[in-house]
Amino acid sequence: MTELLQQVRLIDPEQRIDRVADVLIQEGVITAIADSLQEVPAGTESRDCRDLILGPGLVDLYSTCGEPGYEHRETLAQLLETALSGGFTRLNLLPQTHPPLTTPGAVQQLLKSVPATSPLQVRTWGAITQELAGQALTELQELWGSGITGLSDGQPLADAQIMRRLLDYTQGWHCPVALWPCDLALAQGGVIRESVQALRFGLPSLPLAAETAPLAALLECLSPESTPVHLMRISTARSLDLIAQAKARGLPVTASTTWMHLLKNCEALVHYDPMLRLDPPLGNPADQAALIEAVASGLLDAVAVDHHVYTYEEKTVPFAQAPPGCPGLGQAFAALWQAFVASDRWSPAVLWRSLSQQPARCLQQAPPRLEVGQPAEMILFEPGAEPLGQVRQVWANWQGRTP
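Please read all numbers here as calculations on a predicted model, not as lab measurements.

Calculation criteria
- Residues numbered from 1 in each chain as written.
- Predicted model: local features only at pLDDT ≥ 70, side-chain atom pairs only at ≥ 80, totals over all residues.
- Heavy atoms only, no water.
- Helix = DSSP H or I, 4+ residues; strand = E, 2+ residues; numbered from the N terminus.
- Rg over C-alpha atoms; globule rule 2.2 N^0.38 Å.
- Buried < 20%, exposed > 50% of the residue type's maximum accessible area, 1.4 Å probe, protein only.
- Contact = heavy atoms within 4.5 Å.
- Areas by Shrake-Rupley, 256 points an atom, 1.4 Å probe, with all protein chains shown as cover.
- Lys, Arg positive; Asp, Glu negative; His and termini not counted.
- Charge placed at Lys NZ, Arg CZ, Asp CG, Glu CD.
- Arc of directions from axis to C-beta.
- Polar contact = N/O pair within 3.5 Å; in protein donor to acceptor, adjacent residues only side chain to side chain.
- 1 Å grid on protein atoms, 1.4 Å probe; cavity = no way out; pocket = protein on both sides within 12 Å on 5 of 7 lines; lining within 4 Å.
- Points joined across faces, edges and corners; volume = space filled by probe spheres on them.
- Core = buried A, V, L, I, M, F, W, Y, C linked by side-chain atoms within 4.5 Å.

So, the overall build of the chain
Helices and strands together make up the secondary structure of the chain, namely 13 helices and 17 strands. Expected size for 403 residues packed as a compact globule is a radius of gyration near 22 Å; at 21 Å, the chain falls within 12% of this value. When the 403 residues of the chain are sorted by exposure, 55% land in the buried category. Here the contacts in the chain between residues at least 6 apart in sequence split such that 71% fall between residues at least 24 apart. Carbon and sulfur atoms provide 50% of the accessible area of the chain, an area that totals close to 16300 Å². Computed over 26 positive and 42 negative side-chain charges, the inter-centroid distance for the chain is 3 Å.

Side note on helix α4 (residues 160–169)
Residue pairs three or four apart in sequence face the same way in an α-helix, which turns once every 3.6 residues. Of the positions making up α4, those classed as buried are Ile-162, Met-163, Leu-166 and Leu-167. One side of α4 carries all its buried residues, which in axial view fall inside an arc of 130°. Residues of α4 that are buried make contact with α3 (140–144), β9 (150–151), β10 (177–179), α7 (209–220) and β13 (229–231). The backbone nitrogen of Gln-161 has a side-chain oxygen 3.0 Å away, supplied by the residue at the start of α4, namely Asp-159.

Looking at the side chain of Ser-146
Locating Ser-146 in the fold gives a position in the loop between α3 and β9. A polar atom in the side chain of Ser-146 sits 2.5 Å from the backbone oxygen of Leu-143.

Quick notes on helix α12 (residues 332–341)
Burial of α12 is extensive: eight of the ten residues sit out of reach of the surface. Within α12 the residues assigned to the buried category are Ala-332, Phe-333, Ala-334, Ala-335, Leu-336, Trp-337, Phe-340 and Val-341.

Comments concerning the layout of surface pockets
One number sums up the size of the largest pocket: a volume of about 690 Å³. Along the wall of the largest pocket there are 38 residues; nearest its centre are Gln-155, Trp-180, Asp-279, Tyr-310 and Pro-324. For the lining of the largest pocket, the secondary-structure elements that each account for two or more residues are α5 (184–187) and α9 (259–263). With three residues, the top contributor of residues to the lining of the largest pocket is α9.

Comments concerning the nonpolar core
Where a protein is soluble and globular, its nonpolar side chains tend to be buried together. In this structure, Leu-231 and Phe-333 are the most contacted members of the largest nonpolar core, which totals 85 residues. In terms of residue count, the dominant contributor to this core is α12 (eight residues). Among residues more than four places away in sequence, those in contact with Leu-231 are Leu-179, Leu-215, Leu-218, Leu-219, Ile-243, Val-253, Thr-254, Ala-255 and Ser-256. Counting 17 residues, the second largest nonpolar core, distinct from the first, contains Tyr-62, Leu-94, Ala-178 and Ala-360.

Laid out in structure tokens, this is it:
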């Protein structure tokens, strides 16, 4: 199939492109980009794309799939459909399934469930410990050799000794390791960041040190020669200070926050909406402002969706009893565009960089590019559509290609 996208606005932060052009796509490959293409192959399907934006496909760093084990929450097919509707072309699923992804066999079983016709690239993180946040490590080398994205429990590690052993074993592998800095003892029972709002709303609070203390300990264990570590779910301004110091020391760290921690802060909990029961909890207004600036400056490398679906019955309970997490793959990009790009707080390049190229780099993958000769891994976005903007089309045919 040959398609011609006429007078579409191209945005590609990787190449510093922001221009209006015609784009020709043949059999899933970009074959021409020009101000105006006058000659195209016979049978080409032309499309007027004025007022639309063409950008690289989106890459989600970490999300949770309900299958296997929790299909009553969300099946893999439903997850893939939601991701495509939100403009994502690559998914990286956490091992928090039942049973968890602790062996190469479990990883391959899940990946075999992805339909052969799916345009999405789906990969998984392999579990670090046998029971997720447990004491016994998995067969790390076997997992890494099975084609996983990297190693992560998606949960805080049980103690610092497990973390040290993990870093020692993976030294020199160049295997991405994603860790969530959270002290479970300090965080116990906390559902809102320690603040005036916590007192006003009468909710059990979680101290700042629950994130910063394990983060500082982790950074002290790293050297410039360590395996790459991705810091998940960063939610406080103080953590950003520690990350800036670590990067200045040349430590191999990248970091992300989630889309909800950019859009909301703890003041939004005044209505006790269980969909805002997150882990880590929403930060204070100062934390939110610092996170927004850190994404714009590049200190935070990427924005993660951290998609996690529960049933209606599971979430419609008192706020403090609700399980943590919320969906997001279908609406994160459009909501962030409306909040930050439409309001001129970010350029379109900042948003695309943090949801596309930089997540790929955090995973040591080649990022999507809008370039002649490259696979057409891209999305067509209509920013003016109601209510927040809509992804109109996704090109992401991964059949026969290696990322």
